[in-house]
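The residues making up each chain are set out below.
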Amino acid sequence: MIDAPAKLASIADFEGFARSLRSQDRTGTRSVRLCMGTGCQAKGAARLYELFEEAIKQSGQAGAIEVKPVGCHGLCQRSPIVVVEPAGIFYQQVEEPDVAEIFRETVLGGRAVPRLLYQDPETGKKLEAAEEIPFYKVQQRIVLSQNGRIDPTKITDYIAEGGYSALVKVLTSMTPEEVIAEVEVAGLRGRGGGGFPTARKWRSCRQAEGAPKYVIGNGDEGDPGAYMDRSLMEGNPHSVIEGMLIGAYAIGSEKGYIYVRNEYPLAVTYLRTAISQAREIGLLGENILGTSFSFDIQINRGGGAFVCGESTALMASLEGRPGEPRAKYVHTVESGLWSKPTNLNNVETWANVPPIINRGGKWFAGIGTEKSRGTKVFSLVGKIANSGLIEVPMGITLRRIIYEIGGSMRDGKRFKAVQTGGPSGGCIPAEHLDARVDFEELTKLGSMMGSGGMIVMDEDTCMVNVARYFTDFLLNESCGKCTPCREGLAQMRHILQGITKGDGQAGDIEKLNDLAEILSGTALCALGTTAANPVLSTIRYFRDEYDAHILDRRCPAKECRGLFIYQIDAEACKGCGICLKNCPVEAITGERKAPHVIDQQKCTRCGTCWEKCPFTAVLKV
Amino acid sequence: MTQTQSSNTMPLPAALTSYVSGNELMSQDSQFIEQIVDRYDRDVGMLIPMMQDLQAECGYLSPDSLQALAKRLNVPLTRLYAVATFYTSFRLAPKGAHEVSLCMGTVCYLKGSANITQAICKEFKVAPGGTTPDRLFSFTAVNCVGACALAPVMVVDGRYHDGVTPGSALEILHGLGSAAQAAQAEAKETAE
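Residues numbered from 1 in each chain as written. Chains lettered and ligands numbered in written order. Predicted model: local features only at pLDDT ≥ 70, side-chain atom pairs only at ≥ 80, totals over all residues.

**Some points on the overall build of chain A**
- Scanning chain A from N- to C-terminus turns up 25 helices and 19 strands.
- For chain A, the C-alpha radius of gyration of 27 Å lies close to 25 Å, the compact-globule estimate for 621 residues.
- Per-residue burial for chain A yields a buried fraction of 54% across its 621 residues.
- Put simply, 71% of the contacts in chain A that link residues at least 6 apart link residues at least 24 apart. (Helix = DSSP H or I, 4+ residues; strand = E, 2+ residues; numbered from the N terminus. Rg over C-alpha atoms; globule rule 2.2 N^0.38 Å. Buried ≥ 20, exposed ≤ 12 C-beta atoms within 10 Å, placed from the backbone. Contact = placed C-beta atoms within 7 Å.)

**Here's the deal with the overall build of chain B**
- The secondary structure content of chain B amounts to nine helices and four strands.
- Along chain B, from the amino end to the carboxyl end, the secondary structure elements read α-α-α-α-α-α-β-α-α-β-β-β-α.
- For chain B, with 192 residues in total, the buried portion stands at 35%.
- At a minimum sequence separation of 6, the contacts of chain B that also span at least 24 residues come to 64%.

**What about helix 19 (residues 483-501) of chain A?**
All names here are of chain A.
- In a regular helix each residue adds 1.5 Å, so 19 residues correspond to 27 Å; helix 19 covers 27 Å between its end C-alpha atoms and thus fits that length.
- Within the span of helix 19, buried status applies to Pro484, Cys485, Gly488, Leu489, Met492, Arg493, Ile495, Leu496, Ile499 and Thr500.
- Buried positions along helix 19 lie against helix 18 (463-477), helix 20 (508-522), helix 21 (526-529), helix 22 (533-541) and helix 23 (543-551).
- With its phi angle positive at about 90°, glycine 502 sits one or two positions after the end of helix 19. (Expected span 1.5 Å × (residues − 1).)

**Brief notes about the environment of aspartate 151 of chain A**
All names here are of chain A.
- As for its placement among the helices and strands, aspartate 151 is situated in the loop between helix 5 (134-137) and helix 6 (155-160).
- C-alpha of aspartate 151 to C-alpha of leucine 34: the two residues are 117 residues apart in sequence and 9.5 Å apart in space.
- Aspartate 151 has contacts with Lys68, Pro69, Val70 and Asp157, leaving out every residue within four places of it along the chain.

**Let's talk about the nonpolar core**
- By size, the foremost hydrophobic cluster in this structure holds 231 residues, and its most contacted members are Leu34, Phe52, Val82 and Ile246 of chain A together with Met51 of chain B.
- Apart from residues no more than four positions distant in its own chain, phenylalanine 52 of chain A is found in contact with Val32, Leu34, Val67, Val99 and Phe103 of chain A.
- Tyr566, Cys579, Ile598 and Ala617 of chain A belong to the second-largest nonpolar core, a separate cluster that totals 11 residues. (Core = buried A, V, L, I, M, F, W, Y, C linked by C-beta atoms within 7 Å.)

**Concerning the domain arrangement of chain A**
- Segmentation of chain A into domains returns domain 1 (23-129), domain 2 (162-365), domain 3 (375-458), domain 4 (463-551) and domain 5 (566-620).
- Between the C-alpha centres of domain 1 of chain A and domain 4 of chain A the distance comes to 47 Å. (Domains from an automatic or database assignment.)

**Re the environment of proline 355 of chain A**
- As for its placement among the helices and strands, proline 355 of chain A is situated in helix 14 (residues 347-359).
- Take proline 355 of chain A: there are 22 C-beta atoms within 10 Å of it, and that puts it in the buried class.

**With respect to the interface of chain A and chain B**
- On the side of chain B, 30 residues touch chain A, which itself brings 38 residues to the contact.
- Of all the elements in the fold, those that place two or more residues in the side of chain A that touches chain B are helix 2 (38-42), strand 9 (296-301), strand 11 (375-382) and strand 15 (453-458) of chain A.
- Of the residues in the side of chain A that touches chain B, the class split is 12 nonpolar, 19 polar and seven charged. (Nonpolar A, V, L, I, M, F, W, Y, C, P; charged D, E, K, R; others polar.)

**Observations concerning the pairing of strand 14 (residues 426-429) of chain A**
All names here are of chain A.
- For strand 13 (residues 415-420) and strand 14, the ladder comprises four bridges, and the chain directions are antiparallel. If you follow valine 418 over to strand 14, its bridge partner there is isoleucine 428.
- Where strand 13 folds back on strand 14, the antiparallel hairpin that results is connected by five residues, among which glycine 421 adopts a positive phi of roughly 90°. (Pairing = 2+ DSSP bridges.)

**Comments concerning the sheet that holds strand 4 (residues 159-161) of chain B**
Residue and element names in this part refer to chain B.
- Here four strands make up an open sheet; going across it, the order is 2-1-3-4 and the pairing mixed. Every other strand in the sheet has two partners, leaving strand 2 (137-142) and strand 4 as the edge strands with one partner each. The mean inter-strand angle of the sheet, taken between neighbouring strand axes irrespective of direction, is 20°.
- In terms of strand pairing, strand 1 (residues 98-103) meets strand 3 (residues 154-156) through three bridges, oriented antiparallel. Within strand 3, the position partnered with valine 100 by the bridge is valine 156.
- Contacts from helix 8 (residues 113-124) reach strand 1 and strand 2, with the element oriented near 145° to strand 1. (Axes fitted to C-alpha atoms, helices over the stretch in contact; angles between N-to-C directions.)

**What about the sheet that holds strand 13 of chain A?**
Residue and element names in this part refer to chain A.
- Taken in spatial order, the five strands make up an open sheet running 12-11-15-13-14, and their pairing is mixed. Each edge of the open sheet is held by one strand with a lone partner, namely strand 12 (388-393) and strand 14. Direction aside, neighbouring strands of the sheet carry axes that sit 30° apart on average.
- In the sheet, strand 13 pairs with strand 15 via five bridges, with the strands oriented antiparallel. Across the sheet, residue alanine 417 finds its bridge partner in strand 15, namely methionine 457.

**Side note on the packing of helix 7 (residues 165-173) of chain A against helix 11 (residues 237-251) of chain A**
Residues and elements named next belong to chain A.
- Where helix 7 meets helix 11, the axes come as close as 9 Å, and the angle between the chain directions of the two elements is 15°. Comparing the axis directions of helix 7 and helix 11 gives the class roughly parallel. The element helix 7 and its partner helix 11 pack so that their crossing is left-handed. Mapping the contact onto sequence places Ala166, Leu167 and Val170 in helix 7 and Glu242, Leu245, Ile246 and Tyr249 in helix 11.
- Among the residues making up the contact of helix 7 with helix 11, the classes are represented as six nonpolar, no polar and one charged. (Parallel < 35°, antiparallel > 145°, perpendicular 65-115°, else oblique. Left-handed = near helix turned anticlockwise from the far one by under 90°.)

**A word on the confidence of the model for chain B**
All names here are of chain B.
- Across chain B, the average pLDDT comes to 84, with 82% of residues at or above 70.
- Overall, residues 1-12 carries pLDDT values under 50, and its contacts beyond four positions in sequence, including any with other chains, amount to three contacts.
- Interface confidence for the predicted complex, given as ipTM, is 0.87, next to a pTM of 0.91. (pLDDT = per-residue confidence, 0-100.)

Next up, the structure:
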């Protein structure tokens, strides 16, 4: 429910309503902001919420203190995260028993609880505010600026923070052409992976013949190891809706769709709530705010098919058909959904639009590099100390992302590669860590921007196996419509499987290269043409690992079973007998309290001894 | 081609035969299909949401219900079957009492989710995408649940378990079985 007039019938109504929301003096208000992102929820944030509510009730200050569920804060590694206002004290890894202390000390007393603060691993200093934490310091948040601040289920929160003011600006003072020109000045490019200039797409769609015209928000985030869109839709759904409204105005569309991945039920719920609230107060529907502009949005859930992230496949899915792409000699801006002009952008692209309108294209263009403007959201995950969701200006180096924000490698391991761009991206090795992150640079390195997955791998990761994993993934997700993708990937997987099992043949790498060339030249859609990237980039940078597998039957990362052996370190072995007892083939011998030995003839390399040894005396060599 | 010829050509694949020899639906079910079709204004373009609603209600897409929906929308059954088999979220067989998804996303994979799948399949005699013989749970290996900071992740009935190992995964799943048994015993006790 919203405390608002039933419907805002004019621009003046909206401005009055927004003013009244903003005028409520929030400075000095005591509130507890609880992250309700997936990471924090998995660690019991919902229960913390209840406990805080209870504590407030018991203190008899129900009206004066507020608990606010908010979207993802980003530092998922340290979840659950709780921020106490007005001081903005940032607590991490909060557990149920901590609630009483936080409430007593911080909410009522205004003092920090040092043991729950983030400790800088370098200086050992306890940090109170999020901005002081290195993870956040290097970031620049535009798209995520409201994430973790507003309650995503309340349109009033969004409006109080200036939401929908860009829409009002557009409706009152800009022509559609001017809107497109502003986005062009900003230099915004598609955040879903392609990097196509947004303004050019909008203009083509606006100029295309045919009606009605459709706009689509692509939230079918299918890349494994990426959750940027999820956090955006869950943390600030109105920013996507406002962006689409502005785009629809610019293009001349009255009907929009948001296509959300089936695995994201919370995003669907929050978007539905957001849309119905926007309708309720007249920001969606007929004659928005009393103007002649009408626009409404419908949500469609995906069916669990990776290929539906591709624009033409997504449109096929929206039409109720299997999500098979088509050749794009006729662009979707001319003939897309139901063969009508259709403008599809990723939800992150849409969320960039309101700030561009509010603060101007020039401001936006001042961030980033010459050809890649603005910021980009990444999910920084893998074998790294601080996993989480980050937003950085384009052009920042990989090294700063991994070492300053990510806080270096986990367990003191050595960095090997960072995989960007999702399954069709590539692996970038240490020698290119100083590369600047933008569309062109990443492509030059044999990877790509993609939608923003950034997966860090360490010395224990076998790059041939990584290539096999992605090829496997893509083969499973190939829609099967075109032969190069369907059959080419099957052959590539066959070869890679052979290599990782120790059956690699001389000439395998050449065969992989040939298949890759056919794939990139002839596949029907972008998923097929880029599907060989993981293989090509690992061959390019880690050829020695392929050679070790094929020529020496050896896996340097000691990941591929059968391509390394287990040995017992005689000095570390205490002779406890656990490995001996657990070995399924009786390959281990040794007296009690004396070093044990593995009979390599009998050993099947199952790894049981390695897992069971309490003294890490079993080594992979 | 005449009608008799076409029916004599290729035998239908086994999976499909049950789809053409279905029984009449219970009136209650057919009413529900009616409702779903109305909900989306009989728009064939909304076929996927209709099938999602149908599955949400019935737990899976039974041959009869799909046939009834096809009839109601006046589209060939093959069209529905094509959609149902293309998208991984559709199920053509009844599901188990619990739903278990194991994330096979890149980060989970790097952190050992393949071993967890193996352990689950071996222990419970279930294949990814299938249901345990005792219908305790349906098991899916999903591409990515988007909770990469928690890897490896297993989702049980919507609840996220982080940092799972083969051992802890089996423990959680065995817990489902014993919880079900305890509930059964309790129900029996109260009945007595």
